[in-house]
Amino acid sequence: MGRQDGSTRQVSADSVDSSTAPILHVDLDAFFASVELLERPDLADLPVVVAHNSLRSVVTAANYPARKFGVRSAIPLSRALQLCPSAIVLEPHFEKYRHYSRLVMSIFDDMTPLVERLGIDEAFLDVAGARGVIGPPGDVARLIRERVRAETGLACSVGAAATKFVAKLASGRAKPDGLLVIPRSETLSFLHPLPVGALWGVGAVTEKSLLGRGLHTIGDIAQTPLDVLRRVVGDAGGRKLHALANGIDPRPVTRDTAEKSIGHEVTFEIDVSDAGTLRRELLRQASQVGRRLRASGLEGRTVVLKLRYADFTTITRSRTLAEPTDVGRRIADEVRDLYEAVGAHPPVRLIGVRMEQLTDAGTNAAGLWDDDEDWRGAERVIDDVGERFGTDLVRPASLMKPAAELGPSKRRPHL
Amino acid sequence: MKFQVNRDVFSEAVSFAVKLLPQRTTLPILSGVLVDATADGLTLSSFDYEVSTQTTITADIEETGRVLVSGRLLADIASRLPAAPVHVSTEGSKIIVKCGTANFTLLSMPVEEYPTLPVIAEQSGLLPAEAFSTAVSQVAVAASRDDVTPVITGVQLEVSENSLSLVATDRYRVAIREVDWESSGKASADAVTALVPARTLMEIGKTFGHSGTISVSITNSDERELIAFSADKKTVTSLLIKGNFPPVRRLFPDVAENYAVVNTADLMEAVRRVSLVLEREAALRFTFTIDGVTLEAIGSEQAQASETIDGHLNGDDTIVSLKPQFLLDGLGAVHSEFVRISFTKTDNPNKPGPVLITSQSSKDQPGADNYKYLLQPNLLLR
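What counts and how
- Residues numbered from 1 in each chain as written.
- Chains lettered and ligands numbered in written order.
- Predicted model: local features only at pLDDT ≥ 70, side-chain atom pairs only at ≥ 80, totals over all residues.
- Contact = placed C-beta atoms within 7 Å.
- Nonpolar A, V, L, I, M, F, W, Y, C, P; charged D, E, K, R; others polar.
- Core = buried A, V, L, I, M, F, W, Y, C linked by C-beta atoms within 7 Å.
- Buried ≥ 20, exposed ≤ 12 C-beta atoms within 10 Å, placed from the backbone.
- Helix = DSSP H or I, 4+ residues; strand = E, 2+ residues; numbered from the N terminus.
- Pairing = 2+ DSSP bridges.
- Axes fitted to C-alpha atoms, helices over the stretch in contact; angles between N-to-C directions.

Trainee: Before we go on, may I ask you to explain the interface of chain B and chain A in this structure?
Mentor: Bring the parts together and some accessible area is lost; that lost area is often taken as the interface size. Across the boundary between the two partners, chain B contributes 15 residues, which contact nine residues of chain A. Of the residues in the side of chain B that touches chain A, the class split is eight nonpolar, three polar and four charged.

Trainee: I would appreciate a short explanation of the nonpolar core in the present structure.
Mentor: General note: in soluble globular proteins, nonpolar side chains tend to be found buried as a group. Grouped together as the largest cluster of nonpolar side chains are 104 residues, with contacts concentrated most on B:Val14, B:Val139 and B:Val155. For this core, the element with the most residues is helix H1 (residues 7–18) of chain B, which contributes six residues. Residues in contact with B:Val139, not counting those within four places in the same chain, are B:Val155, B:Leu166, B:Val167, B:Ala168, B:Ala175, B:Ile176 and B:Arg177. In this structure, A:Ala21, A:Ala170, A:Ile182 and A:Leu210 belong to the second largest nonpolar core, which totals 73 residues.

Trainee: How should I be thinking about the sheet that holds strand E12 (residues 163–169) of chain B in this particular structure?
Mentor: Strands pair in a sheet through their backbones, by hydrogen bonds, and they do so in one of two ways: parallel or antiparallel. Residue and element names in this part refer to chain B. Ordered in space as E15-E11-E12-E13-E27-E26-E25-E19-E23, the nine strands form an open sheet in which the pairing is antiparallel. Unpaired on one side and paired on the other, strand E15 (192–197) and strand E23 (312–314) mark the two borders of the sheet. The average undirected angle you get between the axes of adjacent strands in this sheet is 20°. The pairing of E12 with strand E13 (residues 173–180) spans seven bridges and is antiparallel. Residue pairing for E13: Thr 169 is matched across the bridge by Val 174. Across the sheet, helix H4 (residues 198–207) touches strand E11 (154–159), E12 and E15, and the angle it forms with E15 is around 95°.

Trainee: Help me out: how do you make sense of the sheet that holds strand E4 (residues 88–90) of chain A in this one?
Mentor: All names here are of chain A. Strand order in the open sheet made by the three strands is E3-E2-E4, with mixed pairing throughout. A single partner strand is all that each edge strand has here, and the edge strands are strand E3 (61–62) and E4. Inspection of the sheet shows strand E2 (residues 48–50) paired to E4 by three bridges, in the parallel sense. Note on E4: the bridge partner recorded for Val 48 is Ile 88. In the packing of helix H1 (residues 31–39) onto the sheet, the strands contacted are E2, E3 and E4, and the crossing angle to E2 comes to about 110°.

Structural measurements only, silent on function.
As structure tokens, then:
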């Protein structure tokens, strides 16, 4: 939505009455790029993209000066460098991003218990209850922005509104480094001039069919009879769009379950057909996923295999276990079975392992026996060794190969 | 085909034949019941490649023949017929059912496409029906209902010289019981086992509960793994679940000197009451002392509850945290006025030792049966 370069920025004056806008959407500005720039303040005003410096990598993040050239995240790095040849490319550091994310999220937690995290760099907050303690939502939003800047050096944008959907649109309009309050009474006058593509749930296909019927703005949709909308985008979709266009969004801010999945994936420099190489890569990723689960005190119940072929078709295969696990060996066994079940396949461009349905370790009722008991003990010892002497010192024998032979040149942890 | 049959006999036979039919099936003909009128009587059968049923009843056969008709529809009709003889005949592809003042016309299904029912092997042994039926209801309660691990959705039957043991588990509890078994084949060197889907076995237990003696045939060859139960001219067959049942017998303690004896009904009542305030999936805390057993529901912010009932303790005071439904399943299965709850110890500090539930005919007298229900407690949270 929008151009993401701040050219349509819109912010509120401090005097706006925010009492009818208790839902905040807080979004860190150009998060990955900003974190990298904390250590390179000299580059702050120059175009910077965060990406692995490799032929086939994609842009992980871009700062605002780079976005002015049309660089966005997820476009190929080669394309980004065509658009902006002067861009400086920085390597991503996902551990750092997680660290800063935790710092920022803990500031949110100080404001209200009702925090719904959306990925690593944004969250919804319901601050209606903070009124007596901190003040009206506008004051809470200003306090969040001050504390985030003071405690991390990062900038964030905040949208405040009566509903989640409008709050998210507002934070987008406030970027970069702004606050936009949409009081309930101004919801429709804010929404209606916006393009239909800004509506939650309108993708490229829906947008095209709406535009094809002369529905260009959210206001157009609000004035279209529900029956007509239902014919255009289906029964459920029509009702949803009609509600959103009229400022109605009943979704509450729900306290979340931290991370929804933990996984790793790798794009190979050269597409891989050799099953042995793929199996070894799965084992390596499964071990890593197990280690991350244990480090976060989590267990996962669903194992997911992801394969992207040379032609970019992507398949996922998943299996749900009888009981959750944090044992890399178990994850490796399951994901290998999933891989074998795929059968013959085209060359693989990307391969990944992910655990879903995460729960806190130890909260699951213990069974009378544990199939993973031996491996669980062994892997905990390996974790200890890794902490003292460096990770990867102890690993499965099939992974004891020169790194160059393993192939993957860049690793893009799934966040 | 043309026959006349007693209304109650017919209704009971149809209801038996369709009992194990799947609710939904991909092949419509498998939802049919095969009606076969021969000189020997009227045979009704169903088969969905997993489970088959077959029963033969007496009928006046005027004209032999075979038809396939929707099983549930025929069962619904048969159970509602007035008290009068039932006349069934065919006219082309139609089946006419007449009974008293009622007339039904049903469309027959293509009988040629119906699969052949499995052939039942030689009898392996005989079971006392009532004891077997009770044992199934006691053990199957512990079977897993989660299809993620198919082997534990079954009840494992293990035949030894003169007893048959039934074992089921869902990882959190194990239930086990033995019943008498009269072997009819030549003594086989290998122990015979059969892993039967729990749902099917429960229906079998209910069906044959009053049949006196049940004949069992187990075919455990490589190409076909099948078990058949027969009594009263009724037969049920089921494919066996493939795979190895976990070795759960080793989980049971050899001796358990630390135990409490409690009135079963009192404990069940108290568990049901106190767990009213529990959140879903939460466990109840039980404190066993010389003064009795105290149940506490903790961990919910809205409400708490506690109750103390009488009990006799042998050995040390013990605190365990148990899922109420898992405990109730075990208590409901002991079928005795008192129940013995035995505690075991483990070396693992993160895993309390399992609790063993057995019957107790009086405060001091252990039950005569050999039913055992082993339950894994939750970790104590405080």
